[in-house]
Amino acid sequence: MTTNTATSTLDLLVGIFQDVLALADLTADTDFYDAGGDSLTAFQITGRLQEALGVDLPVSLVFAYPTPRDLAEVVDSDYGAA
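Thresholds applied
The residue count restarts for each chain, going from 1 along the sequence in the order it is written. With pLDDT at 70 or above as the cut-off, local features in this predicted model cover only qualifying residues; side-chain atom pairs require 80 or more to be listed or tallied, and sums for whole chains, interfaces and linings still use all residues. Only hydrogens and water are set aside; all other atoms, that is, all heavy atoms of the structure, feed into the side-chain values. Only centres within 6.5 Å qualify two rings of Phe, Tyr or Trp (six-membered ring in Trp) as a pair; their planes then separate them into stacked at under 30 degrees, edge-to-face at over 60, and tilted for everything else. Interaxial angles span 0 to 180 degrees and are taken between N-to-C directions of axes, which are lines fitted to C-alpha atoms, for helices over the stretch in contact. Runs of E in the DSSP output that reach at least two residues are strands. Runs of H or I that reach at least four are helices, and both are numbered from the N terminus. Working definition: roughly parallel below 35 degrees, roughly antiparallel above 145 degrees, roughly perpendicular at 65 to 115 degrees, and oblique for all remaining angles. Crossing handedness follows the turn of the near helix against the far one: under a right angle anticlockwise gives a left-handed crossing, and clockwise gives a right-handed one. In this description, contact between two residues means that some pair of their heavy atoms is separated by no more than 4.5 Å. In this classification, Asp, Glu, Lys and Arg are treated as charged, Ala, Val, Leu, Ile, Met, Phe, Trp, Tyr, Cys and Pro as nonpolar, and every other residue, Gly included, as polar. By nonpolar core we mean a set of buried residues, namely Ala, Val, Leu, Ile, Met, Phe, Trp, Tyr and Cys, connected to one another through side-chain atoms within 4.5 Å. Classification of residues uses two cut-offs on accessible area relative to the type maximum, computed with a 1.4 Å probe and protein chains only: under 20% is buried, over 50% is exposed, and between them is partly exposed.

Caption draft 1: Seen up close, the packing of aromatic side chains. For the structure on display, the rule yields four aromatic pairs. Grouped by ring-pair contacts, the aromatic residues Phe17, Phe32, Tyr33 and Phe63 constitute a single cluster.

Caption draft 2: Looking closely at the packing of helix α1 (residues 9–21) against helix α2 (residues 39–53). Closest axis-to-axis distance for the α1/α2 pair is 10 Å, and the angle between their directions is 140°. As summarised for this structure, α1 and α2 are arranged oblique, according to the angle between their axes. The hand of the α1/α2 crossing is right-handed. Facing α1, whose interface residues are Leu12, Leu13, Ile16, Phe17, Asp19, Val20 and Leu21, α2 presents Thr41, Gln44, Ile45, Arg48, Leu49, Ala52 and Leu53. Partitioned by chemical class, the residues of the contact of α1 with α2 number ten nonpolar, two polar and two charged.

Caption draft 3: Layout of the nonpolar core. Counting 20 residues, the largest nonpolar core has Leu13, Phe17, Phe32, Ile45, Leu49 and Leu71 as the members making the most contacts within it. The set of elements that each furnish at least two residues to this core consists of α1, α2, α3 (60–64) and α4 (68–79). Per element, the largest residue contribution to this core is six residues, and it comes from α1. Every residue in contact with leucine 13, bar those within four places of it in the chain, is listed here: Ile45, Leu49, Pro68, Leu71 and Ala72.

Printed below as a string of structure tokens:
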């Protein structure tokens, strides 16, 4: 079994969004709201990302940066790359 050390924050987020929103075809540019996201799924996304990265992230980031690509950029710049 390999570790996820080579996984980028963007890849990690796309996988989390796909899983939480149950959309296998979700891409890095899919909007959280357009994909059916709500406050519950935002908390699930934030929780999984916090667990994967080991940092505290406010759930408001998901609302402010609603695509995996935008969210990955702010997470990398403000919290360090995955």
